[in-house]
Amino acid sequence: MTLQSSISSLVKQLASTQKVTVLSGAGISAESGIPTFRGKEGLWKKYRAQDLATLSSFMKDPKLVWEWYDWRRKIIASKEPNPGHKILAKWENYFPSFVLITQNVDGLHQKAGSQNVLELHGNIWKLRCTQEGTLFENHEVPLKELPPRCPQCGGLLRPHVVWFGESLPTTTLNKAFTESSRCEMMFSIGTSAVVQPAASLPLKAVESGAKVVEINPVSTPVTSYSEFSFRGNAGEILPQIDKKLPSEHL
Ligand code: BV8
């Protein structure tokens, strides 16, 4: 099947699909110029992302971990959403039921106009007091001091993200599983599908009778049970799908 015939076949099904759920990963922000988590560009100095994104790394050297987040915030602040983010923002109002679940912490889906985003792993623009749990929205680039201190109690602030070995926000995770089990079509976009429990969401969808659509330049554990698996960039494939959709959903 050619790419265009696969897209036409998908669009035929999408035109009558009421409930769509999307799981996005770092790959959807790649075309905005943001390094993915496991790609070679995901390295910072000589460290691997997954080695820095842990509570133990933070407790051992909060300044080092904050230098890494400050570096990421600087990159993200200078980038814009790409067509992939924008199509998903448009689909939020196109499909009768549309839920966007992201593993990303960059906030680009919201910047593209997505209103209700389930952020499984938190948000890099929020800081949390390690003493009192107070949350602060902070867009300073660069941060004035590293590590930043709580303006209320002087305690250490941490990024409001979920590190490896930490539990995901319960309400958000439960909603993500519920929406994955009740959708008719689940898109897995730009994720290597290795990080749990997020990576189980497409499987949950297919076990509940949904069809899975993957968009990724390479195959992943999701590929084997996808109805459609597009080997390409999200910023190119999503607009091609959108272009073929009827202007109004049935
Ligand atoms: C937890 C926030 C309970 C920080 C991140 C089984 C069950 C439960 C837990 C585990 C389990 N097995 C192992 C675990 C532990 C661990 C885990 O999953 N480890 C893996 C690596 C084996 N999970 C956890 O620790 C989770 N916690 O389960 O709590 C618990 C509690 C105590 C003890 C045990 C369990 C917490 C996980 C959250 C970690 N935090 N981020 C930060 O960002 O700084 S995860 C990090 O990985 C990012 O959020 C990232 O989004 C996420 C997933 O990665 P991807 O998004 O997929 O990105 P990646 O770079 O890997 O891939 C990019 C893809 O895009 C590639 O496939 C590429 O081909 C593609 N691509 C590239 N360009 C494009 C593209 N696609 C489309 N278009 C393009 N242009």
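Reference entry: report on the structure contained in this document. (Residues numbered from 1 in each chain as written. Predicted model: local features only at pLDDT ≥ 70, side-chain atom pairs only at ≥ 80, totals over all residues. Heavy atoms only, no water.)

This next bit is on the pattern of salt bridges. Counted according to the given criterion, the structure contains nine salt bridges. Of the charged contacts, one joins E67 and K63 as a salt bridge, the two residues approaching to 2.9 Å between their closest N and O atoms. Remark: K63 and E67 occur in helix 5 (residues 62–77); sequence separation between them is four residues, near one turn of the helix. You can call E67 partly exposed: its relative accessible area is 23%. The exposure class assigned to K63 is partly exposed, which follows from its relative accessible area of 42%. Connected through salt bridges with shared partners, the residues K175, E179 and R182 form a single ionic network. (Salt bridge = Lys/Arg side-chain N within 4 Å of Asp/Glu carboxyl O. Helix = DSSP H or I, 4+ residues; strand = E, 2+ residues; numbered from the N terminus. Buried < 20%, exposed > 50% of the residue type's maximum accessible area, 1.4 Å probe, protein only.)

What follows concerns the site of the ligand. Neighbouring the ligand are 36 residues, the closest being R38, Y69, R72, G165 and S192. Here an oxygen atom of the ligand and a backbone polar atom of G190 are 3.3 Å apart. Contact distances for the ligand include 2.7 Å between an oxygen atom and a side-chain N or O atom of T191. Within the complex, 74% of the 1,500 Å² of free accessible area of the ligand lies under protein. In this structure the site holding the ligand corresponds to the largest pocket. Taken together, the elements giving at least two residues each to the shell around the ligand come down to helix 2 (27–30) and helix 5. At three residues, helix 5 tops the list of elements feeding residues into the shell around the ligand. In terms of residue class, the shell around the ligand is made up of 18 nonpolar, 14 polar and four charged. In terms of domain composition, the shell around the ligand takes at least three residues from each of domain 1 (3–33 + 82–121 + 167–244) and domain 2 (35–78 + 125–161). (Near = heavy atom within 4 Å. Polar contact = N/O pair within 3.5 Å; in protein donor to acceptor, adjacent residues only side chain to side chain. Areas by Shrake-Rupley, 256 points an atom, 1.4 Å probe, with all protein chains shown as cover. 1 Å grid on protein atoms, 1.4 Å probe; cavity = no way out; pocket = protein on both sides within 12 Å on 5 of 7 lines; lining within 4 Å. Sits in = over half its atoms within 2 Å of the grid points. Nonpolar A, V, L, I, M, F, W, Y, C, P; charged D, E, K, R; others polar. Domains from an automatic or database assignment.)

The next thing to look at is the layout of surface pockets. Roughly 890 Å³ of internal volume is contained in the largest pocket. In this structure, the largest pocket is lined by 46 residues; those nearest its centre are A26, T36, F37, R38 and N104. When residues of the lining of the largest pocket are traced back to their parent elements, those giving at least two are helix 2 and helix 5. The greatest single-element share of the lining of the largest pocket, amounting to six residues, is contributed by helix 5. Here the residues of the lining of the largest pocket sort into 24 nonpolar, 17 polar and five charged. Counting only domains with at least three residues in the lining of the largest pocket, you end up with domain 1 (3–33 + 82–121 + 167–244) and domain 2 (35–78 + 125–161). Considered as a void within the structure, the second largest pocket measures approximately 200 Å³ in volume. Contributing to the lining of the second largest pocket are 15 residues, with E119, G122, H160, V162 and P169 lying nearest its centre. Secondary-structure elements contributing two or more residues to the lining of the second largest pocket are strand 4 (122–129) and strand 6 (157–161). At four residues, the largest contribution of residues to the lining of the second largest pocket is made by strand 4. (Points joined across faces, edges and corners; volume = space filled by probe spheres on them.)

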